[in-house]
Amino acid sequence: MNKVIGIVLICIGAALAFWGYDVYDSASAQITRTFSGDTPIEAWAGMVGGVVCIVLGALKVKN
């Protein structure tokens, strides 16, 4: 059962990381970064959350 949970976490993590990068690379985020230098929090949350899910999933699959 742990391996199934790990695989699901890896899939969710990959989707979150992709979504976070998509938000980071959007036109509105590029304009915001140009003028204020800020990155949208959704981008950081998606990318960091995705990496955390991938790492946790890999640890579950490994065990």
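Residues numbered from 1 in each chain as written. Predicted model: local features only at pLDDT ≥ 70, side-chain atom pairs only at ≥ 80, totals over all residues. Heavy atoms only, no water.

**Student:** What is the right way to look at the overall build of the protein chain in this model?
**Tutor:** In terms of regular secondary structure, the protein chain is built from three helices and zero strands. For 63 residues, the compact-globule estimate of 2.2 N^0.38 gives 11 Å, and the protein chain exceeds it by more than 25% at 14 Å. By principal-axis analysis of the C-alpha atoms, the protein chain measures approximately 50 × 15 × 10 Å. Evaluated residue by residue, the protein chain yields a buried proportion of 17% over its 63 residues. Within the protein chain, residue pairs in contact and separated by at least 24 positions form 71% of the contacts whose partners lie at least 6 positions apart. (Helix = DSSP H or I, 4+ residues; strand = E, 2+ residues; numbered from the N terminus. Rg over C-alpha atoms; globule rule 2.2 N^0.38 Å. Buried < 20%, exposed > 50% of the residue type's maximum accessible area, 1.4 Å probe, protein only. Contact = heavy atoms within 4.5 Å.)

**Student:** It is not clear to me how the UniProt feature "transmembrane region" (unreviewed entry) in the protein chain should be interpreted in this structure. Could you clarify?
**Tutor:** Taking the numbering used here, the UniProt-annotated feature "transmembrane region" (unreviewed entry) corresponds to residues 41-59. As annotated, residues 41-59 comprises 100% helix and 0% strand, and the C-alpha atoms at either end are separated by 27 Å. (UniProt positions renumbered as here; feature names shortened; annotations may be inferred.)

**Student:** Help me understand helix 1 (residues 2-24), please; the structure alone is not making it clear to me.
**Tutor:** The periodicity of an α-helix, 3.6 residues per turn, causes residues three or four places apart in sequence to face the same way. The end-to-end C-alpha separation of helix 1 is 32 Å, in line with the 33 Å expected for 23 residues at 1.5 Å each. Along helix 1, the residues classified as buried are Gly-6, Gly-13, Gly-20 and Val-23. In this structure, the buried side of helix 1 is in contact with helix 2 (27-35) and helix 3 (41-62). (Expected span 1.5 Å × (residues − 1).)

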